[in-house]
2 protein chains.
Amino acid sequence: MKNVTIKTIAELTNLSLTTVSRVLNGTAEKYRISKSTQEMVLKAAGNLDYTPNQAAVNLRLKRSFSIGLVIPSLANPFFANVASIVSKSLREKGFSVILVECDEKVEVEVEAIGLLRSHNIEGVILIPSTKESNHLKILLNQNIPVVCIDRYYEDIAVSYVATDHYIGAFNITELLIKAGHKEIACLQGCENVISNNLRVKGYKDAMHKYNLKNTQVWGNSFTTENGYIETKLLLQRSQKVSAIFALSDTILLGALKAIEEEALRIPEDLSVVTSDNSPYLDFLSTPITSVSQPVNDISNIAIKLLMDKIDAKQKGEQVELEKVLLKPSLINRNSVITLH
Amino acid sequence: MKNVTIKTIAELTNLSLTTVSRVLNGTAEKYRISKSTQEMVLKAAGNLDYTPNQAAVNLRLKRSFSIGLVIPSLANPFFANVASIVSKSLREKGFSVILVECDEKVEVEVEAIGLLRSHNIEGVILIPSTKESNHLKILLNQNIPVVCIDRYYEDIAVSYVATDHYIGAFNITELLIKAGHKEIACLQGCENVISNNLRVKGYKDAMHKYNLKNTQVWGNSFTTENGYIETKLLLQRSQKVSAIFALSDTILLGALKAIEEEALRIPEDLSVVTSDNSPYLDFLSTPITSVSQPVNDISNIAIKLLMDKIDAKQKGEQVELEKVLLKPSLINRNSVITLH
DNA sequence: CTGAAAGCGCTAACAA
DNA sequence: TTGTTAGCGCTTTCAG
């Protein structure tokens, strides 16, 4: 079965390529092509299951109607959620989505940007896997719109939409302190990542504000293993903590396992708070108090910014750099005990 | 800043398009192009941040090195997991991934297939959103490889890799029955979906095997709301059940909420089992016994089948229809009480 | 209202 | 060892 192109249809209908093309891409009215001709073409196209060859269109028009979606990993429910909202929205707007998962690896992200440039993508939605920003400069030079989500750069002119990680961490730490906690451990994820570092800073600043010198930050990865190991070690040290702040829900699950193994009760023996507000937090043996990010807003604003940039580029206009920080909220679930 | 093409580089280096092209796509050795020439080209390409235009390559070679990934929704952790494994593996094999989320809607899936054909994709990994299979026939006619995951068709020659949903449901229901349960409710998801229907059948067949006439299947969607509402209603009926089988973890979370609101204890007042074995099941107030699907195996086998098909197509060979069913396992977590 | 022809960027015969 | 040229499928002047 041969490939069906406008040529096939032109031959079949005894029309020129031009006319067929015009009917098939909706400019028939503009060129005042007769109804009968239009019907002929449309019928033939329908019978033959014709689809325009995007490669050819892309080459000719220098538009791909494709957007690159670059994320660390879909295994992380927060990112998967963002990806879900973003990809649906882009589809509705007529864009295809080319997905690349970087697995938190710089090299892969660099490669991904190259791949996407090869595909002539018209824009990129990026959740960075790295602090490194050099590979993005090429996109900026080529004037390809980029919007970062959740994680971002301060050293380079890339727009972003993110939660104010700092204030979320600050607030939840303050909540612990106000409940009387003084020995609070922070279980962090990957240190190369701005969202992590801002949260750590929020934690530390809150501690300092109340003159609590004993800040302790443990761990190095957004994984359940990391949460488990660090908590295990933490609970076996002579110096005890009264509260734990997990910087992600994956870390939290590991921590919970260790806490259970040590037969400690939450919150009676240990208070615990976390960061991603996954839906299941409500149903844990003790529901866990959490920072909550406005995923929907973040995703939708990012899409809007990207679309604006693409439109502006079409019109030859210039767009400003946009930096959007959204306030997280605190979901209180009583995994924190008041000491006094 | 103008577009960099092989022409730019040819002019800059005073070489022909052909030579530049050969160096840049790795056939330099084959044509015995001198080292010095190669270096010149590579250097120029590097300086100019050259990337090959995939649209042109695609058009010329009639190969896109792109695979369509069509799934109901990334918001479902099971699908997100599959998508994650699949997309990483495809990237490593040199394929780009075009992602379409169908939101369990037939129309979107039909559109998606058209879109992917437009992009000249070389294969499709599909988790169907519908029983309808007509739109896939076009792909089959065009000899485009398709592999279904998790859900599949019996009425059409499309290869698939899935868990044996029937046996998983049968076994976990039998486990309940052997523990003495006679009134077991099944909370189902979307009725258009084979995985759901096979699970329901597994449940019913197990009930019948033990002469339990009172099969009851409630609900109609893989959502937490559905789980909540149906459980709420279930618990308020005069006729009591002693066990609930949730056909997904989203449904489970809703059920747990309702159960908690009614102040029932698991498993003392009510036994509960579920289907997706999400990582957090271990940490719920009562850890919940679950069927577990071999996500990694499913995804990797599907990729292997797809790659085989693509290779075979390149070589002009024919490939057989493959139907792979993997056995699920049972993860026992003591959310089931033994009645006697 | 319809058509002819050029060209987007790349590769592969065919030549040299 | 390198170059010339045709053509992939489509859109868009320009020309009727």
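To be clear, the structure that these remarks concern was listed above.
Just so we're clear, the structure is a prediction, and the values are computed from it rather than from any experiment. (Residues numbered from 1 in each chain as written. Chains lettered and ligands numbered in written order. Predicted model: local features only at pLDDT ≥ 70, side-chain atom pairs only at ≥ 80, totals over all residues. Heavy atoms only, no water.)

Caption draft 1: Region of the structure containing the pairing of strand β4 (residues 146–149) of chain B. All names here are of chain B. Going residue by residue along β4, you find Val146 and Cys148 tucked away on one face and Val147 and Ile149 tucked away on the opposite face as well. Taken together, the 3 bridges between strand β3 (residues 123–126) and β4 define a ladder with parallel strand orientation. The residue bridging Ile125 from the neighbouring strand is Val147, located in β4. Taking the sense of rotation as the criterion, the β-α-β connection linking β3, helix α7 (residues 134–141) and β4 turns out right-handed. Examined bridge by bridge, β4 and strand β5 (residues 159–163) share 3 bridges and lie parallel to one another. What sits directly across from Val147, in β5, is Ser159. (Buried < 20%, exposed > 50% of the residue type's maximum accessible area, 1.4 Å probe, protein only. Helix = DSSP H or I, 4+ residues; strand = E, 2+ residues; numbered from the N terminus. Pairing = 2+ DSSP bridges. Right-handed = clockwise from strand over helix to strand, strands pointing away.)

Caption draft 2: Structural context of the state of the cysteines. Residues and elements named next belong to chain A. Scanning the entire structure with this criterion turns up 0 disulfides over all chains. The cysteine Cys102 is free of any disulfide, with Cys148 supplying the nearest cysteine sulfur at 12 Å. Overall, Cys102 belongs to the buried group, its relative accessible area being 0%. (Disulfide = S-S within 2.5 Å.)

Caption draft 3: Fine view of the relation of the copies chain B and chain A. Note on the copies: chain B fits chain A at an RMSD of 0.1 Å, the axial shift is 0.0 Å, and the rotation between them is 180°. The transformation just described matches what one would write down for a two-fold rotation axis. Relative to the rotation axis, the closest C-alpha in chain B is found at Ser285(B), a distance of 1.5 Å. Of all interface residues in chain B, 100% are interface residues in chain A too; the two copies therefore contact each other through one and the same surface. (Least-squares fit on C-alpha atoms with pLDDT ≥ 70 in both. Contact = heavy atoms within 4.5 Å.)

Caption draft 4: Just the interface of chain B and chain A, in detail. Tallying the contact residues gives 49 residues for chain B and 50 residues for chain A. Between chain B and chain A lies a buried interface of about 4200 Å² when both sides are counted; carbon and sulfur atoms form 59% of it. The interface formed by chain B and chain A includes 2 salt bridges. The residue Lys88(A) makes a salt bridge to Asp103(B) at a minimum N-O spacing of 3.3 Å. Along the contact surface separating chain B from chain A lie 22 residue pairs in polar contact (both at pLDDT 80 or more). Elements with a contribution of two residues or more to the side of chain B that touches chain A: α4 (54–61), α5 (77–92), β2 (96–101), α6 (106–118), α7 and α11 (249–261) of chain B. (Buried area = accessible area lost by both parts, 1.4 Å probe. Salt bridge = Lys/Arg side-chain N within 4 Å of Asp/Glu carboxyl O. Polar contact = N/O pair within 3.5 Å; in protein donor to acceptor, adjacent residues only side chain to side chain.)

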